[in-house]
Amino acid sequence: MEQTERIEPVNRILDALLRLSAPVTTGRIADYIPELAKADPDAFGIAVVSVLGHAYEAGDSRKEFTLQSISKPFVYALAISDLGLDAVHERVGFEPSGEPFNAFSLDDQGRPANPMVNAGALLTSSLISGQSSSERFARIHASLSGFAGRVLDVDQKVFESERESGDRNRALAYLMKASGSLTREVLDVTEVYFRQCSLLVTTYDIAVMSATLANDGINPMTGVQIVDSAVARHTLAVMGSCGMYDYAGQWAVRVGMPAKSGVSGGISAVKPGQFGIGVFSPRLDDAGNSSRGVAVLTLLSEGYGLNLLQHPPRPASPIHLLKWDADVLSAGIRGDLDFVDLELIVHEVAEELATKKKSDAEVRFDLTHVTSIGEAANMMLEQLVTRLKESGFRVSIEDPSMLVKVGVGQGGLA
Ligand code: GLN
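What you are looking at is a predicted structure, and each value in this text was computed from that prediction instead of being measured.

1. Remarks on the overall build of the protein
Within the protein, the regular secondary structure consists of 15 helices and 11 strands. In the protein, which comprises 414 residues, the proportion classed as buried is 50%. For the protein, the exposed surface amounts to about 18400 Å²; the carbon and sulfur share of it is 53%. Between the mean site of the 37 positive side-chain charges and the mean site of the 52 negative ones, the protein shows a separation of 1 Å.

Encoded structure:
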């Protein structure tokens, strides 16, 4: 253990990032829920959990606070698992509202703009399957606990404080009820919503929950599949476009990771396929996002090239061998094949056949060292084989891991 800590570079980087962002003391603690105003303004923690299940932490990463709006994407994931994406979309939009989290952003039919603002989150919460509000909350509680990998508690004081001060959320719900978009009883809906917002987590828990979304819906600590892969992807898409409220556009440019903030000062951010991040610091900026949280995630993203739109480096050529043996051209292929890899293979093979002017050769593709084939690459490979055969070549494919999906594209490999 000590040995691994000594060679552990990530914790040191997180420590340094906290040190660099700590001077940011702008913003204010949310006090419209009186109980939240009691938070320590200087608390600051960060945690990163990878899809391999390793955790890195710095600062107050084990201090508890309430989940608040970070509950929204996870409850949305449960709603689309229950009903399907389209059925939920009929009731709650996908579009960024460009408005604050508690805005009355409803369309003509009373449909909320997206599930990340309060109106949309209230409606989403009402869609969870269950006969009663306690059954719906029990399902939300079980699902969010699954995301975190431990049973989460409700902070009763924060729950009561929000219920007492929750007129604006009740007003939003009444408006949706009046326009017919919300079909359950307002007080039942707000009860469940206030409870989901009052679940107690640590920064570390948020990193695990985020890592579960990064890992195709499988909690990397427990190995349990919490939502399916498509649900995780849909949730991340909505976090990407709407998770940071009216800062969402700036966030895409400066940080570029799907993320969700909460009014108690937490932020969940996701690097799909790699890791989840949790950050906590209670002072909020004008958009209602943790000031230090935004600062530290901006530093992290800029410093380590984490923006999703960052141009990925091209890996080594997928062709590790291209050689003639009499009339047989062998092409040894390796790696994870995507569109550009197949493009390269198509052109190299075509050029080789053209320069050697062999019209009756055999082409042997050896895919032994291929680790995956994307959909577009699979289609291109099928097309390549079909065209080669049409031109009179004999073609064979060595595919011991059976990665090629036959007949998915237009051609068919048979
Ligand atoms: N419970 C909070 C509310 O509804 C959640 C808002 C937030 O975290 N931005 O006001």
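2. Some thoughts on the site of the ligand
In the neighbourhood of the ligand, the contacting residues comprise Tyr32, Gln68, Ser69, Phe101, Asn118, Glu162, Asn169, Tyr193, Cys197, Tyr245, Gly262 and Val263. Within the contact set of the ligand, an oxygen atom lies 3.0 Å away from a side-chain nitrogen or oxygen of Asn118. Side-chain polar atom of Tyr193 to an oxygen atom of the ligand: 2.7 Å apart, as the coordinates give it. For the ligand, whose free accessible area comes to 300 Å², the fraction covered by protein is 100%.

3. What about empty space enclosed by the protein?
Taken as a whole and judged by the stated rule, the model has one cavity of 30 Å³ or more. Space inside the largest cavity adds up to approximately 50 Å³. Forming the boundary of the largest cavity are Tyr32, Ile33, Gln68, Ser69, Phe101, Asn118, Glu162, Asn169, Tyr193, Cys197 and Val263. Each residue belonging to the lining of the largest cavity can be placed in one class, and the counts come to six nonpolar, four polar and one charged.

4. What to know about the nonpolar core
In a soluble, globular protein the nonpolar side chains are often hidden away together inside. In this structure, Leu67, Leu144, Met209 and Leu213 are the most contacted members of the largest nonpolar core, which totals 52 residues. Looking at this core, the elements that each hand over two or more residues are helix H3 (71-83), helix H5 (118-127), helix H6 (133-148), helix H8 (167-178), helix H9 (186-197), helix H10 (203-214) and helix H11 (229-242).

5. Quick word on the side chain of Ser290
Mapped onto the secondary structure, Ser290 falls in the loop between strand S7 (275-280) and helix H13 (291-304). Residue classification places Ser290 among the buried residues on the basis of a relative accessible area of 0%. Reaching out from Ser290, the side chain makes a polar contact with the backbone oxygen of Ser281 at a distance of 2.8 Å. In contact with Ser290, not counting residues within four places along its chain, are Gly265, Ile267, Ser281, Arg283 and Leu284.

What counts, and at which threshold
- Residues numbered from 1 in each chain as written.
- Predicted model: local features only at pLDDT ≥ 70, side-chain atom pairs only at ≥ 80, totals over all residues.
- Heavy atoms only, no water.
- Helix = DSSP H or I, 4+ residues; strand = E, 2+ residues; numbered from the N terminus.
- Buried < 20%, exposed > 50% of the residue type's maximum accessible area, 1.4 Å probe, protein only.
- Areas by Shrake-Rupley, 256 points an atom, 1.4 Å probe, with all protein chains shown as cover.
- Lys, Arg positive; Asp, Glu negative; His and termini not counted.
- Charge placed at Lys NZ, Arg CZ, Asp CG, Glu CD.
- Near = heavy atom within 4 Å.
- Polar contact = N/O pair within 3.5 Å; in protein donor to acceptor, adjacent residues only side chain to side chain.
- 1 Å grid on protein atoms, 1.4 Å probe; cavity = no way out; pocket = protein on both sides within 12 Å on 5 of 7 lines; lining within 4 Å.
- Points joined across faces, edges and corners; volume = space filled by probe spheres on them.
- Nonpolar A, V, L, I, M, F, W, Y, C, P; charged D, E, K, R; others polar.
- Core = buried A, V, L, I, M, F, W, Y, C linked by side-chain atoms within 4.5 Å.
- Contact = heavy atoms within 4.5 Å.

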